[in-house]
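Chain by chain, the residues:
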Amino acid sequence: MLKQILSKLPRKLPKADRDSGGSDSGNTTTNLGSGFQCTNVGSALSSKLNVVKRVSSAVFPTSTATGVEAVEAHLSFKDVSNSQKQNLFVSKLNLCCEVHDFNDPDKQDIKRQALLELVDFVSAGSAKFTEPAIAALCKMCAANLFRVFPPKYRSNCAGGETEDEEPMFDPAWSLLQIVYDLLLRFIGYSSLDAKVAKKYIDHSFILRLLDLFDSEDPRERDCLKTILHRIYGKFMVHRPFVRKAVSNIIYRFVLETERHNGIAELLEIFGSVISGFALPLKEEHKMFLWRAMIPLHKPKSIGIYHQQLTYCVVQFIDKDPKLASTVIKGLLKYWPVTNSQKELMFISELEEILEMTSMVEFQKIMVPLFRRLGCCLNSSHYQVAERAHLLWNNEHILNHVSHNRQVILPLVFPALERNTKNHWNQAVLNLTLNLRRMLSEMDEELVIACQRKLEEEDSRLSVEAEKRRLTWERLEIAAGLQH
């Protein structure tokens, strides 16, 4: 009797059946051992061929994942309702978090297709992204982009690309490019809630993004440049941190390694950032100029980023013309003595700065400046000497010189005189004669006075040289008598 009663009770499910009969996403029916089937009374959505599944808390934090359901990632956005598109967006992001090697082209193709669909969805601009979607996208970008680069093996000890080296391209770029495109479109999304997004595009995310600027692939650095610029514009709360983080990269580059591939791109970003600084300039911004921008003139690899550096410096002076004398002092401090190519860059930059320099600021630095330019006029490297002579063709500079000729002409006249007597290059000699003629037309009496003073100085030096020669002769004679 007892056995008959017990036999009619439902039996305990086997382990396999229990696992397959989950509460929200299992089969629509559950086996009950005794041959009866009990219909699951789940929602209508969860009964459609196992389409809806609970998203793993690994996609984003549990606090944001609560109640979020994602559609099967293989579905297309056009095949689901508008209410499910956000969930499908998260599912596809979750699918793309896995990084595959190149030995599995099938999985690579599936991932590429999913990424392209994500880009198209964001480009459509019709959705307002939820916090779980923002978290999932940041996680996917981090999984695919943030990586450690292999050790640099370039022969160039200064690091970075030079004009003679071919750029190196990342073999994974076909996928990385789509991820960067997705991130860029996402950050630039018009209805993106910056207050929510800043929790995931945080300081840690920005630091990892800045690390990628050391990539040897110029295409990647170009994408990063645009993305960081958008982040700087979108998230005002992060701006001080971005400036400090970039300063630290520059400090390490200048003071420690002199190796970094992305200095040019970082400076290009800051060219537009500086132009947006409010007036009067904060002390923080002036210190950035003095501690970061000016020391960047020191490394040997300045040729890679000199154009961008000059633009940044000019932007600072455009904001505050009183900084011109400070910048020129910095140039003189780091002026190259044995590197003629760097010297040419410095003279070109100097011309741009002097064009923006007021008379008051010019007078503060004209003595050390024209002592240096006198050496350049007299340089045995003909390109340096030519470039220094051409400065005098600039009307703004010539006007400053004319108003301060009593101080400047005595500083440069000896170099011109030495050129006329000793310089080996005919082109430099012709430029020197033209410059002397120009100075004579400017103030003939002063030129004559400078010539007279130079002759007196030469005569004095000749007398002193003769005295030294006679002294050495007497010493030699005395030494010979002692033997």
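Preceding block: the structure.
Given the structure is predicted, the values throughout are model-derived calculations rather than measurements.

Asker: Quick one: what's the story with the overall build of the protein, residue by residue and with numbers?
Answerer: Helix and strand counts for the protein come out as 22 helices and four strands. Of all 483 residues assigned to the protein, the portion counted as buried reaches 43%. For the protein, the proportion of contacts with a sequence separation of at least 24, taken over those separated by at least 6, is 70%. Surface exposure of the protein reaches about 26,500 Å², of which carbon and sulfur atoms provide 54%.

Asker: Could you give me a rundown of unusual backbone geometry, with the residues and numbers involved?
Answerer: Here Leu279 and Pro280 are connected by a cis peptide whose omega angle stands at -5°. On the secondary structure map, Pro280 appears in the loop between helix 12 (263-275) and helix 13 (283-293). A positive phi angle, close to 55°, is found at Glu258, a residue other than glycine. Note that Glu258 resides in the loop between helix 11 (239-257) and helix 12.

Asker: Tell me what's going on with the packing of helix 4 (residues 82-96) against helix 5 (residues 105-124), and back it up with residues and numbers.
Answerer: Where helix 4 meets helix 5, the axes come as close as 10 Å, and the angle between the chain directions of the two elements is 145°. Both helix 4 and helix 5 take part in a crossing whose hand is left-handed. Counting all contacts with helix 4, which are made through Lys85, Phe89, Lys92, Leu93, Leu95 and Cys96, the residues of helix 5 involved are Ile110, Lys111, Ala114, Leu115, Glu117, Leu118, Phe121 and Val122.

Asker: Which residues make up helix 22 (residues 444-482), and what are the values?
Answerer: With 39 residues, helix 22 extends 57 Å from end C-alpha to end C-alpha; this agrees with the ideal 57 Å at 1.5 Å per step. For helix 22, the full list of buried residues reads Leu446, Val447, Cys450 and Leu454. Tucked into the core, helix 22 has its buried residues touching helix 20 (405-422) and helix 21 (426-442).

Asker: If you had to explain the environment of Tyr251 to someone new, which residues and values would you point to?
Answerer: Its place among the elements puts Tyr251 in helix 11. On the accessibility criterion, Tyr251 (27% relative accessible area) is partly exposed. Once the C-alpha coordinates of Tyr251 and Leu296 are considered, the two residues, 45 residues apart in sequence, prove to be 8.8 Å apart. When neighbours within four sequence positions are excluded, Tyr251 is seen to be in contact with Glu256, Arg291 and Ala292.

Asker: Give a description of the pattern of salt bridges that names residues and reports values.
Answerer: Evaluation of the coordinates by the stated rule reveals 20 salt bridges. For Glu473, the salt bridge goes to Arg469, with nearest N and O atoms at 2.5 Å. Linking Glu473 with Arg469, this pair stays in helix 22, spanning four residues, or about one helical turn. Assessed through its relative accessible area of 34%, Glu473 is described here as partly exposed. One network of salt bridges, with partners in common, ties together Arg147, Asp170 and Glu220.

Asker: Could you give an account of the packing of aromatic side chains, naming the residues involved and the relevant values?
Answerer: This model, assessed by the stated rule, comprises 14 aromatic pairs. With 6.1 Å between their ring centres and 70° between their planes, Phe121 and Phe129 make a pair best called edge-to-face. This pair shows no difference in class: Phe121 is buried, exactly as Phe129 is. Each ring, one from Phe270 and one from Phe288, has its centre 5.2 Å from the other, and the planes form 25°; the classification is stacked. Here Phe270 is found in helix 12, whereas its partner Phe288 is found in helix 13, with 18 residues between them in sequence. Grouping aromatic residues by their ring pairs yields a cluster made of Phe89, Phe121, Phe129, Phe186 and Tyr189.

Asker: Explain helix 13 residue by residue, including any values.
Answerer: In an α-helix, one full turn covers 3.6 residues, which means residues spaced three or four apart are oriented alike. When helix 13 is considered as a whole, its buried residues turn out to be His285, Phe288, Leu289, Ala292 and Met293. Along the long axis of helix 13, the arc covered by the buried residues comes to 110°, so they all point the same way. Opposite the packed face of helix 13, turned more than 90 degrees from it, sit the exposed residues Glu283 and Arg291. Turning to helix 13, the residues buried within the fold contact helix 11, helix 12, helix 14 (306-319) and helix 15 (324-333).

Asker: I'd like a description of the environment of Ser174, backed by residues and values.
Answerer: The topology assignment puts Ser174 in helix 7 (residues 173-187). Look at Ser174 and you get partly exposed, because its relative accessible area is 38%. For Ser174 and Arg112, which are 62 residues apart along the polypeptide, the C-alpha to C-alpha distance reads 8.6 Å. For Ser174, the side chain forms a polar contact with the side chain of Arg112, separated by 3.2 Å.

Reading the values: rules and limits
Residues numbered from 1 in each chain as written. Predicted model: local features only at pLDDT ≥ 70, side-chain atom pairs only at ≥ 80, totals over all residues. Heavy atoms only, no water. Helix = DSSP H or I, 4+ residues; strand = E, 2+ residues; numbered from the N terminus. Buried < 20%, exposed > 50% of the residue type's maximum accessible area, 1.4 Å probe, protein only. Contact = heavy atoms within 4.5 Å. Areas by Shrake-Rupley, 256 points an atom, 1.4 Å probe, with all protein chains shown as cover. Axes fitted to C-alpha atoms, helices over the stretch in contact; angles between N-to-C directions. Left-handed = near helix turned anticlockwise from the far one by under 90°. Expected span 1.5 Å × (residues − 1). Salt bridge = Lys/Arg side-chain N within 4 Å of Asp/Glu carboxyl O. Phe/Tyr/Trp six-rings, centres within 6.5 Å; stacked < 30°, edge-to-face > 60°. Arc of directions from axis to C-beta. Polar contact = N/O pair within 3.5 Å; in protein donor to acceptor, adjacent residues only side chain to side chain.

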